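# Residue-level structural notes
Listed below are the residues making up each chain.
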Amino acid sequence: MRNNKTIPLKGGAGGGPRILFIDRDGTIIVEPPITFQIDSLEKLEFLPYAISTLRKIAEQMDFEFVMVSNQDGLGTKKYPQKAYDLVQRKMMKTLKNEGIIFSDIFIDKSFDEDNAPNRKPRTGMLKKYISGNYDLKNSIVLGDRLTDLKLAKNLGSKAILIRNALNKKLKVPAELTDVLALDAKDWNAIYTFFSSPSRNISHTRKTNETSIAIGLDLDPSTSSGQVPKGKSKISTGLPFFDHMLEQIAKHGNIDLTISAKGDLQIDEHHTIEDVGITLGETFLKALGDKRGIERYGFCLPMDDCLAQVALDFGGRNWIEWKAEFKREKIGEMPTEMFFHFFKSFSDAAKCNLNIKAEGTNEHHKIEAIFKAFAKAIKMAVKRDKDNMQLPSTKGVL
Ligand SMILES: [Mg+2]
């Protein structure tokens with residue numbers, strides 16, 4: 001289960017380092033039933049894909065790793081420090097050999113009934129992070145118990161719950177669902193969550209002239225699990241414009257809802273322009289930090305017309321437009337507003353657009369442009385989950 005809480009690949013600007021607070025037993029290594037103690041090397045077993053996932057997170061994301069663990073009665077006769085140290089050293093060495101480095105390790109040795117201030121979910125051991133300059137809002141507690149979720153709540157962070165053989169039936173109470181960013185069936189699910197942040201967003205824009213609400217899902221198959229993709233519900237008060245915007249969803253394989261209420265009693269200008277701006281802003285928001293995207297897109301579809309749309313979500317706005325229309329209007333849409341719509345989009349989405357079209361049938365010509373635009377978007381927003389690099393040598397888009 002994935003909650004609709006986006007975890008950015010990079011922490012907030014100026015928010016300080018963010019932390020992945022990681023539990024040990026039942027999370028990184030298998031927790032034995034009955035004693036819950038891993039006090040010999042025979043009992044040391046990593047959870048499937050824990051090491052490889054931690055390695056990928058360490059390589060690709062800007063989290064600091066901090067281990068936080070309750071070890072009930074550590075140092076007593078029943079749980080000698082020496083036995084623990086042997087296991088802990090072996091585990092940490094194995095992780096270090098894979099490039100997984102913890103900047104801090106916090107172990108509380110008390111029992112639950114002691115109500116010790118350092119024991120999870122209390123934050124006594126983590127004062128440094130609370131009073132320091134850390135981005136706790138974008139930090140995550142990763143663990144297998146409700147105490148881990150409660151720790152996240154106490155820190156003002158989010159939580160990932162990992163399922164294992166012992167907590168399969170654990171129910172998350174209502175007061176903790178707020179902090180739960182992911183209920184993960186295994187470590188692979190955790191990597192998918194990190195590597196593919198949601199690109200399903202809503203965006204609204206209101207002025208004295210228009211009120212526009214847009215819903216955009218760039219990955220409809222992953223967020224809804226349903227086909228067909230490319231669903232749309234468009235209402236701008238301008239049927240021909242609606243028909244063109246539907247092309248973007250259909251041929252771009254994206255889900256799109258647009259509800260626009262504009263001052264059509266004056267003319268169509270503000271509505272078309274502001275839908276262009278709002279749609280551009282929505283794309284900019286949905287693309288996030290743009291890691292893994294193809295960035296570019298172009299295509300040459302043909303009816304009786306030839307239309308070409310080249311696009312680059314490179315962070316700068318520019319438009320080249322070579323399409324002439326002889327008719328004043330198509331449907332209720334003034335043909336001069338076609339350029340204006342795409343100009344508004346490229347300004348707001350900070351993308352380059354190069355649009356050319358030739359042909360005789362004016363309806364076909366503009367429809368071909370919208371379809372080519374949709375195909376270009378489809379190519380450009382495509383994301384390679386196995387290569388979440390930024391498609392730029394500049395390091396920022
Ligand atoms: Mg645990």
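All figures in this text were calculated on a predicted structure; none of them were measured in a lab.

## Let's talk about the packing of helix α1 (residues 50–60) against helix α6 (residues 187–195)
At a closest axis distance of 9 Å, the pairing of α1 and α6 adopts a crossing angle of 15 degrees. On the basis of their axis angle, the class for α1 and α6 is roughly parallel. Handedness of the crossing formed by α1 with α6: left-handed. For the pair α1 and α6, contact is made by A50, T53, K56 and I57 and by W187, N188, I190, Y191 and F194, respectively. For the contact of α1 with α6, the per-class residue count stands at 6 nonpolar, 2 polar and 1 charged.

## Section: the domain arrangement of the protein chain
Assigned domains within the protein chain: domain 1 (18–195) and domain 2 (200–381). Relative placement of domain 1 and domain 2: their C-alpha centres are 45 Å apart.

## Topic: helix α8 (residues 239–252)
The periodicity of an α-helix, 3.6 residues per turn, causes residues three or four places apart in sequence to face the same way. Given a rise of 1.5 Å per residue, 14 residues ought to cover 20 Å, and the 20 Å separating the end C-alpha atoms of α8 matches this to within 8%. Buried-residue contacts for α8 involve β9 (232–235), β10 (255–262), α9 (269–287), β15 (333–334) and α11 (362–381). Of the residues flanking the end of α8, it is N253, one or two places downstream, whose phi is positive at about 60 degrees.

## Side note on the confidence of the model for the protein chain
Summing up the model confidence of the protein chain, the mean pLDDT is 89 and the portion of residues at 70 or higher is 90%. Summarising per-element confidence for the protein chain, the mean pLDDT is lowest in helix α7 (residues 220–224) (58) and highest in strand β4 (residues 140–143) (98).

## Some thoughts on the nonpolar core
Judged by nonpolar contacts, the single largest core of 53 residues is most densely connected at I248, V309, I369, F373 and I377. Among the elements of the structure, β8 (210–217), α8, β10, α9, β12 (306–312), α10 (336–349), β16 (352–358) and α11 are those that each provide at least two residues to this core. Counting residues per element, this core draws most heavily on α11, which supplies 11 residues.

Rules used in this analysis
- Residues numbered from 1 in each chain as written.
- Predicted model: local features only at pLDDT ≥ 70, side-chain atom pairs only at ≥ 80, totals over all residues.
- Axes fitted to C-alpha atoms, helices over the stretch in contact; angles between N-to-C directions.
- Helix = DSSP H or I, 4+ residues; strand = E, 2+ residues; numbered from the N terminus.
- Parallel < 35°, antiparallel > 145°, perpendicular 65-115°, else oblique.
- Left-handed = near helix turned anticlockwise from the far one by under 90°.
- Contact = placed C-beta atoms within 7 Å.
- Nonpolar A, V, L, I, M, F, W, Y, C, P; charged D, E, K, R; others polar.
- Domains from an automatic or database assignment.
- Expected span 1.5 Å × (residues − 1).
- pLDDT = per-residue confidence, 0-100.
- Core = buried A, V, L, I, M, F, W, Y, C linked by C-beta atoms within 7 Å.
- Buried ≥ 20, exposed ≤ 12 C-beta atoms within 10 Å, placed from the backbone.

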